[in-house]
Amino acid sequence: MKASVYYGKGDVRVETVPDPKIQDPTDAIVRITHACICGSDLWFYQGLDQWQSGWRTGHEWMGVVEEVGSEVRNFKKGDRVLAPFAFSEGQCEFCGKGLQTSCIKGGFWGGTNDGGQAEAIRAVFADGTLVKIPPEVENDEAVLTKILPLTDVMSTGHHAAISAGVTQGSTVAVIGDGAVGLCGVLAAKRLGADRIIMLGRHEQRLAIARQFGATDVVTSRGEDAITAVQEMTQGGAEAVLECVGTESAMQTAIGAARPGGGVGFVGVPHGSEKINIGRMFMSNIKLGGGVAPAKAYIPELLNDVIAEKIDPSPVLDLTVDLNGVPKGYQAMNDREAIKVMVRP
Ligand SMILES: [Zn+2]
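Computed from a predicted model, the values in this text were never measured in an experiment. (Residues numbered from 1 in each chain as written. Predicted model: local features only at pLDDT ≥ 70, side-chain atom pairs only at ≥ 80, totals over all residues. Heavy atoms only, no water.)

Structural notes on the domain arrangement of the chain
Okay, so step 1: Assigned domains of the chain: these are domain 1 (2–152 + 293–343) and domain 2 (154–289).
Okay, so step 2: For domain 1 versus domain 2, the distance between C-alpha centres works out to 26 Å.
Okay, so step 3: Contacts between the two partners involve 25 residues from domain 1 and, on the opposite side, 23 residues from domain 2.
Okay, so step 4: Summed over both partners, the interface of domain 1 with domain 2 comes to about 2,000 Å²; 61% of that surface belongs to carbon and sulfur atoms.
Okay, so step 5: In terms of surface lost to domain 2, no three residues of domain 1 exceed Trp43, Arg335 and Ile338, which account for 30% of the buried area on that side. (Domains from an automatic or database assignment. Contact = heavy atoms within 4.5 Å. Buried area = accessible area lost by both parts, 1.4 Å probe.)

Quick look at unusual backbone geometry
Okay, so step 1: The phi torsion at Phe125 lies on the positive side, around 45°, for a residue other than glycine.
Okay, so step 2: In this fold, Phe125 is placed in the loop between strand 8 (120–123) and helix 3 (126–129).
Okay, so step 3: On the basis of relative accessible area, Phe125 is assigned to the buried category, the value being 17%.
Okay, so step 4: The backbone phi angle of Glu308 is positive, close to 60°, even though this residue is not glycine.
Okay, so step 5: Here Glu308 is to be found in the loop between helix 11 (294–306) and strand 16 (318–321). (Helix = DSSP H or I, 4+ residues; strand = E, 2+ residues; numbered from the N terminus. Buried < 20%, exposed > 50% of the residue type's maximum accessible area, 1.4 Å probe, protein only.)

Points about the packing of helix 6 (residues 179–190) against helix 7 (residues 203–212)
Between two packed helices, the angle of one axis relative to the other and the distance separating the axes together describe the packing.
Okay, so step 1: It is at 8 Å that the axes of helix 6 and helix 7 come closest, and there the two elements cross at 15°. The angle between the axes of helix 6 and helix 7 places the two elements in the roughly parallel class. Here helix 6 runs over helix 7; the crossing is right-handed. When helix 6 is examined against helix 7, the residues Leu182, Cys183, Val185, Leu186 and Lys189 are found in contact with a partner set consisting of Arg205, Ile208, Ala209 and Phe212.
Okay, so step 2: Residues that form the contact of helix 6 with helix 7 fall into these classes: seven nonpolar, no polar and two charged. (Axes fitted to C-alpha atoms, helices over the stretch in contact; angles between N-to-C directions. Parallel < 35°, antiparallel > 145°, perpendicular 65-115°, else oblique. Left-handed = near helix turned anticlockwise from the far one by under 90°. Nonpolar A, V, L, I, M, F, W, Y, C, P; charged D, E, K, R; others polar.)

Side note on the coordination of the zinc ion
Okay, so step 1: Donor atoms from the polypeptide that bind the zinc ion are Cys38 (SG), His59 (NE2), Glu60 (OE) and Asp152 (OD), placed at 1.8 to 2.2 Å.
Okay, so step 2: Bound by four donor atoms, the zinc ion shows angles of 93 to 126° at the metal and therefore tetrahedral coordination geometry.
Okay, so step 3: Mapped onto the sequence, the donors of the zinc ion take the spacing C-x20-H-E-x91-D. Taken as a pair, Cys38 in the loop between strand 3 (28–37) and helix 1 (41–45) and Asp152 in the loop between helix 4 (141–147) and helix 5 (153–164) lie far apart in primary sequence, 114 residues in all. For the pair formed by Cys38 and Asp152, the shared burial category is buried. (Donors = N, O, S within 2.8 Å, 3.2 Å for Na, K, Ca; no water. Tetrahedral: all angles 85-135°; square planar, octahedral: opposite > 155°, others 65-115°.)

Concerning the state of the cysteines
Okay, so step 1: One pass over the full model with this rule turns up zero disulfides.
Okay, so step 2: Left without a disulfide partner, Cys36 is nearest to the cysteine sulfur of Cys38, which lies 8.1 Å away.
Okay, so step 3: No disulfide involves Cys92; its sulfur sits 3.9 Å from the nearest other cysteine sulfur, which is in Cys95.
Okay, so step 4: Looking at Cys92, the relative accessible area reads 10%, which means it is buried. (Disulfide = S-S within 2.5 Å.)

Comments concerning the packing of aromatic side chains
Okay, so step 1: One pass over the structure, following the stated rule, counts ten aromatic pairs.
Okay, so step 2: A ring pair is formed by Phe87 and Trp109, whose centres lie 5.0 Å apart and whose planes are at 55°; its orientation type is tilted. Note that Phe87 is positioned in strand 6 (residues 86–87) and Trp109 in the loop between strand 7 (107–108) and strand 8, a separation of 22 residues in sequence.
Okay, so step 3: Relative accessible area serves as the criterion here: at 6%, Phe87 is assigned to the buried category.
Okay, so step 4: Relative accessible area serves as the criterion here: at 4%, Trp109 is assigned to the buried category.
Okay, so step 5: In this structure an aromatic cluster arises from ring pairing among Tyr6, Phe44, Tyr45, Trp51, Trp55 and Tyr329.
Okay, so step 6: The ring of Tyr7 has Arg13 lying over it, and the distance from NZ or CZ to the ring centre is 3.9 Å. (Phe/Tyr/Trp six-rings, centres within 6.5 Å; stacked < 30°, edge-to-face > 60°. Lys NZ or Arg CZ within 6 Å of the ring centre and 35° of its normal.)

Structural notes on the sheet that holds strand 10 (residues 171–175)
Okay, so step 1: Taken in spatial order, the six strands make up an open sheet running 12-11-10-13-14-15, and their pairing is parallel. Since the sheet does not close on itself, it has two edges, and those belong to strand 12 (216–218) and strand 15 (286–289), each with one partner. Along the sheet, successive strands turn relative to each other by an average axial angle of 20°, direction set aside.
Okay, so step 2: Relative to strand 14 (residues 257–265), strand 13 (residues 237–242) runs parallel, the two being bridged by five bridges. Note on strand 14: the bridge partner recorded for Ala237 is Ala257.
Okay, so step 3: In this fold helix 6 packs onto strand 10, strand 11 (195–199) and strand 13, with an angle of close to 175° to the strand it touches most, strand 11.
Okay, so step 4: Sheet strands in contact with helix 8 (residues 222–233) are strand 10, strand 11, strand 12, strand 13 and strand 14, and its direction is about 165° off that of strand 11. (Pairing = 2+ DSSP bridges.)

Shown next, in the form of structure tokens:
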């Protein structure tokens, strides 16, 4: 089969690799119908993560089950499924608590595991990981495209909103106009936020933010952005979603938070480790979040997509086939595309 493989900075190639086979009785083999390139894939693409040549790429995918191992109970050949970006066995303390990203046997698609930017994948811990797409929508291409962002960015945006403490009537600020930040706007709106301030500059992205529920936009950066949010809200936003991971994004997030408020951080830390804990102390600002347990959130978000209450698909603004994956990385890296959908 064909799969996308990482070779080094700026070098992702689609090549022929061995077909996936059932190796453990809890595995399923899934033929991939839809996948994505993620903003977080750009960290290794830019050479900023310790990735090794030969590793598989892609952690966001859905498809059709082709074969199941002898211990798989919940799925059969022909089922249409989506996968959260992390796999989990479903049995441990953390799976029981809805924190499947901390599963003691868990891990992430891609790297030394099979990746989703491929024709097929060995889906480990199928019962603990995969989520079935209801048969009534399984052939509806428009609905499938709306479901696809639940594999990561919509679940991650939701996690940011939950972790920041967004509730009915909240005033929210969102740092980051990538797919996660945009989905964070949609999640905050879904949770009942009253006012949602989007920090960004890119007109096309701001248009999606407004469509998703942003009521205000701040186009300045750094200290100016903090001042703008502080003035607009007379003291800061009650909930701030940090959806980037850089030092400046975290500084802006903490600076824009209201005393007693919360910051939900979901940007993969690449500099944001340098936290302004002094301001957090003086203003009693809570910090929560981390890697999103998408598996825990997918069922409720899937229900809302099918009920046409949310539609995160506008973040998918470029579609490529499998051979187009390298071009897709390039387009996202050049910020020509917000998020790329892959149709193997
Ligand atoms: Zn992702």
